[in-house]
Amino acid sequence: MKIGAPREIFEGENRVAMTPDSVVALAKLGHTSVVQSGAGAKAGFSDAAYAAAGAEVLPDAKAVFDAADVVVKVRGPEPSEAAMLKRGQTLISFFWPAQNEALLKQVADAGATVVAMDMVPRISRAQKMDALSSMANIAGYRAVIEAGNNFGRFFTGQVTAAGKVPPAKVLIVGAGVAGLAAIGTSVSLGAIVNAFDVRPEVAEQIESMGASFVYLEFDASELPDGAATGGYAAPSSPAFAAKQLAKFRELAPEMDIVITTALIPGRPAPKLWTADMVAMMKPGSVIVDLAAERGGNCDLTVADQKIVTENGVTIVGYTDFPSRMATQSSTLYATNIRHMLTDLTPKKDGVIHHNMEDDVIRGATVAHEGAVTYPPPPPKIAAIAAAKPKEKVKELTAEEKRAKEVAAFKTQTRNQVAMLLGGGALILLAGMYTPASFMSHFIVFVLSVYVGVQVIWNVSHSLHTPLMAITNAISSIIILGALMQIGSGNWLVVILAALSVFMAGINIFGGFLVTRRMLAMFQKS
C-alpha cells in the first residue's frame, strides 16, 4: 500500500510525519511512500533526500490524499484536510478525539479509519509507538534550554578570580516523561534540582537522577489515585492541593527556575503556580510552563508568548517545544508511526490488517468503517491469581521472648562445645599419628583460616566484591607451591598440582579483572 505524508498546515508546525529513513523502513514492510513537496523542508529533509530514499514527491496535498491508502500526519487534520479523506482510507496522526467530537464525526461519516497516536495505550508492548512520550521527552529537554536562554546566570556554580557564582536552583513540577527529561538536563548542566509529583512512587526515579524529591506530609486518604488514569497523575483532593500550594509558596522565594509539566488527560491544566508565588520570586527568575496549550499551570502564563512580570520574572508559555527541535522530533515521531504500521502489517507484505482484537490497535482507533469507536474498551488484562493470605504471626509476650532467647543461647552453646570437643579429638589423633612437621603446618593453616574469616566477616557487605576480588588474587600465592610440586615423580601429586595451578590462575586473573571493573565504575570516561 501507499503511505502518504502531506505538509503540515498548522501555523508554526515544523515537524513532518515521515522522514527519508522511515521511507526505507516502510519499504521493508512492503509499502511504498509518497510525500508532498516541501513537507520536510522545515525539519531539514529535502525533496531530493526523500526521492533518494525511494519516495515519490507529489506537488500538493490533494495529490497525496488521492494517491495514499494511509495518510500520516503530525497534527490532527484541519476540516479542509478531513474533507479529502475517502472511504477505506486510514489516517494516522495526533487527533485528541475528546476535544474534537465534530471532526471525529466528520471523518467517521466519510468512512475513513483514524488511528490517534495520542490514544496509544500506555502498556509495555506499546512503548515503541508512544508518541506522547517521545514528544514529551523533547519538550522537557527543550524547556531547560529555553530556561537557560532566558536566565541571566550559569546553571552550574563556579568559583573564579572575578568572584563566586552560585548554582541555579531549579524546581520541576511533575515527574512524568517531560519532567524526568527536564530533571536529567538540569542536573547535567550542574543545577541544584528539586522535583515534585503527586505520585510518591516516582521519588526513587527522581533521586536516582540526582535531584531531590519534595515531600509533603499528608494522609493516605488525600493521595490522588493515578491507577485510574493509566499511569498519569490524577486530580488532587482539595486538602492535598492546599498542602501542595503551601509547599510551593515556601519554595518560591528560593527557586531561580521553575518548569511545570502537570497535565491530566481530558482536563484543563491544574493551576499550581499562582500569581502570589510569582510575586515572591527573585528578579531574573524564569518559569517555563509546558502546560500552556491547556491553560497553563501558572496563573500568568500566556499561550505562545513570553512575558516579563513587574518584578522581573520571565514566564515562557510556548506551545511548540517539540516543533522547535523539528529534526529530532520528526525522526522520533516517524519511528513511532513506523512501529504502528509494523503492527498494522503483520505479514510484512504491504497489506494493512486492522485487527480490532489487538489491544494497542483497538485502543488507538477512534473511527473505523464509518463508525466512531471512541472511547475504547479497557485493555484485556490476564487475571492474576490472588495470593494466599499470610498467616498472622502470634505476638509473643516479654516472658515468652526471653524464654525463647535463653533456649536459643543454650542450643548455640551446646553446638559450640560439641564442635570444640570434636575438633580437639581430631587434632589429638592427628598429633599421635602424623609427623611433627605436619602439625606445625596444620596449626598455621588453622590460624590462617581463623584470621581470614574474621577479616572478611567484619567487612561491610557493600565492599565484599572488590575486597574478595583482590584477596582472591593475593591468596593465589599457592600457585608457587603447586609449581614446586608439579615436578614430583608421583603421578597423583602431578595431577593435583596441575589442578591447583589451573584454579589458582583463575583466582589471579579473575580477581584482578573484577577489581579493575569495579574501579572503572568510578572513573570518568
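In what follows, the structure referred to is the one given above.
The structure reproduced in this document is the subject of the present report. All chains use their own residue numbering, which begins from 1 and follows the written sequence. With the structure being a predicted model, the display of local features is reserved for residues of pLDDT at least 70 and the display and counting of side-chain atom pairs for 80 or more, all residues being used for whole-chain, interface and lining totals. Side-chain measures were taken over the full set of non-hydrogen atoms in the model, leaving aside hydrogen atoms and water.

Moving on: the pairing of strand β9 (residues 169-173). Note on classification: 1.4 Å probe, protein chains only; a residue is buried when its accessible area is under 20% of the maximum for its type, exposed when over 50%, partly exposed between these limits. Each helix is a run of H or I in the DSSP string that is no shorter than four residues. Each strand is a run of E no shorter than two, and both are numbered from the N terminus. By the criterion of burial, β9 is predominantly enclosed, with 4 of the 5 residues buried. A strand pair is defined by DSSP finding two or more bridges across the two strands. Summarising the sheet, β9 and strand β10 (residues 192-196) pair through 5 bridges and their orientation is parallel. Bridged to Ile172 within β10 is Ala195. We call a crossover right-handed when, viewed with both strands directed away from the observer, the connection leading from the first strand over the helix to the second proceeds clockwise. In this fold, β9 hands off to helix α7 (residues 177-188), which returns the chain to β10; that crossover is right-handed. As paired strands, β9 and strand β12 (residues 257-260) are joined by 4 bridges and run parallel to one another. The residue of β12 that forms the bridge with Val173 is Thr260.

What follows is about helix α5 (residues 101-109). Every buried residue of α5 is accounted for by Leu103, Leu104, Val107 and Ala108. The buried residues of α5 occupy one face: seen down the axis, they fall within an arc of 135°. Away from the buried face of α5 by more than 90 degrees, exposed residues Glu101 and Ala102 are located. Residue Gly111 follows α5 closely and has a positive phi angle near 85°. The directions considered for the arc are those from the helix axis to the C-beta atoms.

Attention now goes to the nonpolar core. Definition used in this section: a nonpolar core is a set of buried Ala, Val, Leu, Ile, Met, Phe, Trp, Tyr and Cys residues joined via side-chain atoms within 4.5 Å. Formed by 37 residues in total, the largest nonpolar core has its most connected members in Val72, Ile92, Met117, Tyr333, Met340 and Leu341. When contributions to this core are tallied by element, the ones reaching two or more residues are β1 (2-5), α1 (20-28), β4 (70-72), α6 (131-150), α11 (326-344) and α12 (359-364). It is α11 that provides the largest number of residues to this core, a total of 6 residues. We call two residues in contact whenever any of their non-hydrogen atoms come within 4.5 Å of each other. Among all residues touching Tyr333, those that are not within four sequence positions of it are Val16, Ala17, Lys73, Val74, Ile92, Ser93, Phe94, Met117, Ala131 and Met135. Core analysis: the second largest hydrophobic core is formed by 30 residues, Val202, Ala211, Ile259 and Val286 among them.

Next up on the list: α1. Considered for burial, the residues of α1 that qualify are Pro20, Ser22, Val23, Ala25 and Leu26. Of the surrounding elements, those touching the buried residues of α1 are β1, β2 (32-36), α2 (47-53) and α11. Count one or two residues on from α1 and you reach Gly30, which has phi positive near 95°.

Burial analysis of β10 places 4 of its 5 residues in the buried class, which makes it a mostly covered element. Pairing between β10 and strand β11 (residues 212-213): 2 bridges, direction parallel. Paired with Asn194 across the two strands is Ser212, which belongs to β11. Between β10 and its parallel partner β11, the chain crosses via helix α8 (residues 203-208), and the hand of that crossover is right-handed.

Moving on: the environment of Ala168. Tracing the backbone shows Ala168 in the loop between β8 (163-165) and β9. Residues in contact with Ala168, not counting those within four places in the same chain, are Phe151, Arg153, Phe154, Phe155, Ala191, Ile192 and Asp256.

Such coordinate-based values are descriptive only and should not be taken to indicate function.
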